[in-house]
Number of protein chains: 2
Amino acid sequence: MTTIRLDSVVKSIRAPDTRARAEIQRHLDNLTKPQGSLGRLEELAMRFCLATGAVKPVLKKKRIYCMAGDHGVADDGVSAYPKAVTPQMVRNMLGGGAAINVLARHVGAELVVVDMGVDDPLRGAPGLCRRKVRRGTANMALGPAMSVADATRAIEAGVRLARAAKRQGVHLLGSGDMGIANTTPSTALFSAYLNIPPADIAGRGTGLNDQGIRDKVRVIEQALAANRRALTDPLGTLAALGGFEIAGICGLILGAASVRLPVVVDGFISTAGALAALRLNKAAREHIFFSHLSDERGHEVILKKLGIRPILALNMRLGEGTGAALAMSLIEASVRIYNEMATFHSAGVSEKS
Amino acid sequence: MTTIRLDSVVKSIRAPDTRARAEIQRHLDNLTKPQGSLGRLEELAMRFCLATGAVKPVLKKKRIYCMAGDHGVADDGVSAYPKAVTPQMVRNMLGGGAAINVLARHVGAELVVVDMGVDDPLRGAPGLCRRKVRRGTANMALGPAMSVADATRAIEAGVRLARAAKRQGVHLLGSGDMGIANTTPSTALFSAYLNIPPADIAGRGTGLNDQGIRDKVRVIEQALAANRRALTDPLGTLAALGGFEIAGICGLILGAASVRLPVVVDGFISTAGALAALRLNKAAREHIFFSHLSDERGHEVILKKLGIRPILALNMRLGEGTGAALAMSLIEASVRIYNEMATFHSAGVSEKS
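### Observations concerning the overall build of chain A
So, step 1. Along its length, chain A carries 15 helices and six strands.
So, step 2. Radius of gyration (C-alpha) of chain A: 20 Å, near the 20 Å computed for a compact globule of 353 residues.
So, step 3. Its C-alpha atoms give chain A principal-axis dimensions of about 70 × 40 × 40 Å.
So, step 4. The buried share of chain A, taken over its 353 residues, is 65%.
So, step 5. Residue pairs at least 24 apart in sequence account for 75% of intrachain contacts in chain A once pairs closer than 6 positions are excluded.
So, step 6. Accessible area of chain A: about 12500 Å², with a carbon and sulfur share of 49%.

### Details of the packing of aromatic side chains
Residues and elements named next belong to chain A.
So, step 1. In the structure shown here, the tally under the stated rule is four aromatic pairs over all chains.
So, step 2. With 5.1 Å between their ring centres and 65° between their planes, Phe 190 and Phe 268 make a pair best called edge-to-face. Taken as a pair, Phe 190 in helix α7 (residues 183-194) and Phe 268 in helix α12 (residues 268-280) lie far apart in primary sequence, 78 residues in all. Here the two residues Phe 190 and Phe 268 agree in accessibility, since each one is buried.
So, step 3. Sitting over the face of the ring of Phe 289, Arg 47 holds its NZ or CZ atom 5.9 Å from the ring centroid.

### Topic: α12(A)
So, step 1. Spanning 13 residues, α12(A) covers 19 Å between terminal C-alpha atoms, matching the ideal 18 Å at 1.5 Å per step.
So, step 2. Taken as a whole, α12(A) has its buried residues at Phe268(A), Ile269(A), Ser270(A), Thr271(A), Ala272(A), Gly273(A), Ala274(A), Leu275(A), Ala276(A), Ala277(A) and Leu278(A).

### A short note on the interface of chain B and chain A
So, step 1. Across the contact, 53 residues belong to chain B and 53 residues belong to chain A.
So, step 2. Carbon and sulfur atoms make up 60% of the area that chain B and chain A hide from each other, which totals about 4600 Å².
So, step 3. The interface formed by chain B and chain A includes two salt bridges.
So, step 4. As a salt-bridge pair, Glu340(A) and Arg105(B) come within 2.8 Å of each other at their nearest N and O atoms.
So, step 5. At the surface where chain B touches chain A, the tally comes to 20 residue pairs in polar contact (both at pLDDT 80 or more).
So, step 6. Breaking the side of chain B that touches chain A down by element, the ones donating at least two residues are α3 (40-52), α4 (85-94), α5 (99-107), α14 (322-340) and α15 (344-347) of chain B.
So, step 7. Counting residues per element, the side of chain B that touches chain A draws most heavily on α14(B), which supplies nine residues.
So, step 8. Taken together, the residues of the side of chain B that touches chain A break down into 26 nonpolar, 17 polar and ten charged.

### Remarks on the sheet that holds strand β1 (residues 62-69) of chain A
Residue and element names in this part refer to chain A.
So, step 1. Pairing is parallel in the open sheet, where six strands are placed in the order β3-β2-β1-β4-β5-β6. Here the strands that pair on one side only, and so sit at the sheet edges, are β3 (129-130) and β6 (288-290).
So, step 2. Relative to strand β2 (residues 109-117), β1 is paired through eight bridges, and the arrangement is parallel. Its bridge partner being in β2, Lys 62 is matched across the sheet by Ala 109.
So, step 3. Sitting on the sheet, helix α14 (residues 322-340) is in contact with β1, β4 (172-178), β5 (263-265) and β6, with an inclination near 170° to β4.

### A closer look at the packing of helix α7 (residues 183-194) of chain B against helix α10 (residues 234-241) of chain B
Residues and elements named next belong to chain B.
So, step 1. Close contact between α7 and α10 brings their axes to 9 Å; oriented N to C, the two are set at 150°. By the angle between their directions, the pair α7 and α10 is classed as roughly antiparallel. Of the two elements, α7 crosses α10, and the hand of that crossing is right-handed. Contact with α7, carried on its side by Pro 185, Ala 188, Leu 189, Ala 192 and Tyr 193, involves Pro 234, Thr 237, Leu 238 and Leu 241 of α10 and no other residues of that element.
So, step 2. Looking at the contact of α7 with α10 residue by residue, the classes come out as eight nonpolar, one polar and no charged.

### Let's talk about the relation of the copies chain B and chain A
So, step 1. The two copies are related by a screw motion: chain B maps onto chain A through a turn of 180° and a shift of 0.0 Å along the axis, at an RMSD of 0.0 Å. What the rotation and shift describe, once combined, is the action of a two-fold rotation axis. Considering only C-alpha atoms, the residue of chain B closest to the rotation axis is Leu312(B), which sits at 3.4 Å.
So, step 2. Mapped onto chain A, 100% of the interface residues of chain B are again interface residues, and the two copies thus contact each other with one and the same surface.

### Digging into unusual backbone geometry
So, step 1. Positive phi is not limited to glycine here, since Asn315(A) has a value of about 60°.
So, step 2. Examined against the element boundaries, Asn315(A) turns out to sit in the loop between α13 (299-306) and α14.
So, step 3. Although it is not a glycine, Glu320(B) sits at a positive phi angle of roughly 70°.
So, step 4. On the secondary structure map, Glu320(B) appears in the loop between α13 (299-306) and α14.

### With respect to the pairing of strand β2 (residues 109-117) of chain B
All names here are of chain B.
So, step 1. Counted residue by residue, β2 has seven buried out of nine residues, so it is predominantly covered.
So, step 2. With two bridges connecting them, β2 and strand β3 (residues 129-130) associate as parallel partners. Counterpart to Asp 115 in the pairing with β3 is Arg 130.

### What to know about the nonpolar core
So, step 1. Among the nonpolar cores identified, the biggest contains 265 residues, and Leu173(A), Leu254(A), Leu173(B) and Leu254(B) are the most heavily contacted of them.
So, step 2. Setting aside residues no more than four positions away along its own chain, Leu173(B) makes contact with Arg63(B), Tyr65(B), Ala162(B), Ala165(B), Leu252(B), Ala256(B), Leu261(B), Pro262(B), Val263(B), Val264(B) and Met328(B).

### What about the sheet that holds strand β4 (residues 172-178) of chain B?
Residues and elements named next belong to chain B.
So, step 1. Taken together, six strands build an open sheet; the order of strands is β3-β2-β1-β4-β5-β6 and the sheet is parallel. The open sheet has two free edges, formed respectively by β3 and β6 (288-290), since each of these has just one partner strand.
So, step 2. Along the sheet face, helix α12 (residues 268-280) touches β4, β5 (263-265) and β6 and points at about 145° away from the line of β6.
So, step 3. Sitting on the sheet, α14 touches β1 (62-69), β4, β5 and β6, and the angle it makes with β4 is about 170°.

### Focus on the side chain of His292(A)
Residues and elements named next belong to chain A.
So, step 1. Examined against the element boundaries, His 292 turns out to sit in the loop between β6 and α13.
So, step 2. For His 292, a relative accessible area of 5% corresponds to the buried category.
So, step 3. For His 292, the contacting residues outside a window of four places in its chain are Asp 266, Gly 267, His 299, Leu 303, Pro 310, Ile 311, Leu 312, Met 316 and Gly 323.

### Observations regarding the state of the cysteines
Residues and elements named next belong to chain B.
So, step 1. Under the criterion given, the structure shown has zero disulfides over all chains.
So, step 2. Distance from the sulfur of Cys 66, which forms no disulfide, to the nearest cysteine sulfur (Cys 129) is 11 Å.
So, step 3. The class for Cys 66 is buried, based on a relative accessible area of 1%.

### Thoughts on the packing of α3(B) against α14(B)
All names here are of chain B.
So, step 1. One way to put it is that α3 packs onto α14 with a least axis distance of 8 Å and a crossing angle of 85°. Taken together, the axes of α3 and α14 lie roughly perpendicular to each other. Across the interface between the two elements, Leu 41, Leu 44, Ala 45, Phe 48 and Cys 49 of α3 pack against Leu 330, Ile 331, Ser 334, Val 335, Ile 337 and Tyr 338 of α14.
So, step 2. Of the residues assigned to the contact of α3 with α14, the class counts are ten nonpolar, one polar and no charged.

### Looking at the environment of Ala109(B)
Residue and element names in this part refer to chain B.
So, step 1. Positionally, Ala 109 belongs in strand β2.
So, step 2. The exposure class of Ala 109 is buried, given its relative accessible area of 11%.
So, step 3. A sequence separation of 101 residues divides Ala 109 from Ser 8, and the C-alpha atoms of the two residues are 30 Å apart.
So, step 4. Residues contacting Ala 109, with those up to four places away along its chain left out, are Lys 62, Ile 64 and Ala 104.

The rules behind the values
Residues numbered from 1 in each chain as written. Chains lettered and ligands numbered in written order. Predicted model: local features only at pLDDT ≥ 70, side-chain atom pairs only at ≥ 80, totals over all residues. Heavy atoms only, no water. Helix = DSSP H or I, 4+ residues; strand = E, 2+ residues; numbered from the N terminus. Rg over C-alpha atoms; globule rule 2.2 N^0.38 Å. Buried < 20%, exposed > 50% of the residue type's maximum accessible area, 1.4 Å probe, protein only. Contact = heavy atoms within 4.5 Å. Areas by Shrake-Rupley, 256 points an atom, 1.4 Å probe, with all protein chains shown as cover. Phe/Tyr/Trp six-rings, centres within 6.5 Å; stacked < 30°, edge-to-face > 60°. Lys NZ or Arg CZ within 6 Å of the ring centre and 35° of its normal. Expected span 1.5 Å × (residues − 1). Buried area = accessible area lost by both parts, 1.4 Å probe. Salt bridge = Lys/Arg side-chain N within 4 Å of Asp/Glu carboxyl O. Polar contact = N/O pair within 3.5 Å; in protein donor to acceptor, adjacent residues only side chain to side chain. Nonpolar A, V, L, I, M, F, W, Y, C, P; charged D, E, K, R; others polar. Pairing = 2+ DSSP bridges. Axes fitted to C-alpha atoms, helices over the stretch in contact; angles between N-to-C directions. Parallel < 35°, antiparallel > 145°, perpendicular 65-115°, else oblique. Left-handed = near helix turned anticlockwise from the far one by under 90°. Least-squares fit on C-alpha atoms with pLDDT ≥ 70 in both. Core = buried A, V, L, I, M, F, W, Y, C linked by side-chain atoms within 4.5 Å. Disulfide = S-S within 2.5 Å.

And the structure:
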């Protein structure tokens, strides 16, 4: 395993060189369609080209990392499902029966399921990518969910996975998550990073009722209070309020950005990981595609506050990478448009009068 | 060629039997995900099942018919592109270089390019499906664009194509259009059917400037006035203000609905064809998927007025079936979710507490 140091990875991330923008735009405008008429597809192609630094982009191999972890705060009853569901769903994914398996197959993406911190040994489990830092986080309502050292290990594992993907010829990454109760730490992270009261953004997760949401808000407020002194820097905040899968996603994004591998961020949980990455180095922004607007209540407010317009809005709130998978197919469509369409000249089509 | 009569086709369309709804919903709820957490994907799967009458749906073979036609009203300068572009783009499509070719390939749909009324003999043109009614419509600003007999022929051609697709084992149809100036007749149809002033919905089409839009509004107002007496019934309105490709799309939808073949409607132009079909028999509604919100100015107002929430909103305004192609892939994804996901029982996953 290569030794990496998080601070040097973070420092190595650069915003894309935009000098090729005019050349890419000229090519898009020469294709046999009115200029700009493919709307966001053209924007996606442009972003992919700039992020990868290619005026002749290649997008074939796609991979989704679904990061799994458990949360001590699940003990406070913040989820509609029991904690045992995390390892059960990991096994379901390894068996090919989860939603993300179906959607990854549909869009032609490879799926890698990563144990970042599931509270189960997951014995057997062929195909599992084992990067377990610990068996679940501590209860953030009582103190830090993770030590800074453990959070750093989780981030670095994500960085390594992104870089391995790059070495293995992957052209587009997707993030996903599995972790019972993980809308709670994600909401806490949004609250802390964006200074939004938890009551404004806490939602139903997998299916809480109104009382459940009130309890969840109270638990998050408690966690923010219990960890106040840790919330002064991005990494300390992630360690105190995050989770191993969220830190893994943060690392995946940092690692991808550091090697110019574009990464498609899934929904609510993955956005929390992305926000942590952006707090560490905002230059990662242009390497990220935000796939979809989640139906989880706070996502719209959060994306607006970040100035992000997601690609899809399909009322999904499942996680796993399901939104990322669908968006990856649209990004691939945009690159194919860029690469495969005829130009006005080559097709002998008259231009605008 | 089978003889069909439009009125009997229209009469044969039935709203789907919804008795299977509870069984389909039960299956969706048994899949390993929180209930409803796949949002619109679940809604799309439900609609596909109900439209086809299957609790075990099959969606493999997909076909897009791109209907092409020319418009007499193009003489009034309502488009940013010259009329010659219609046959040029038909040839570009037959050569595989248009946006719809790329997107159809990307989603695994067959593309059939249909000459419904291009003002060009299109000699040679291998692969072209020839259903030309006439070489372009008359100028609707001066009188009816088509005779009722010609419009009926165009609709019937569309009906036959949909039924042929059904016989050939197609599971999902898509509509598309190519026709320089055709946002003008489409806008006129929306004005007439929905009683909206043209100035409220007329847009840039392929790229008019503000003066161009004002001229377009004036031409549409002129057409509405010139054809006032024809606008009393759905077919008369379509003939007076429509086009051969729009009538073909209308027929495609009616034919599909009559044999329970779901059809994905593209953007602005195809919505005009769909609206004509719905005016002839509103029971066709449940067989239609509206693919995307076009960037053409009036589309949002029109869809809202019709109570339709499209699947995608990607600021596209190209037509050809490009929005339909992308949405077809999402519908296929939804059916695969329905067919391929594990259930809580089969995967041994605990249910909600």
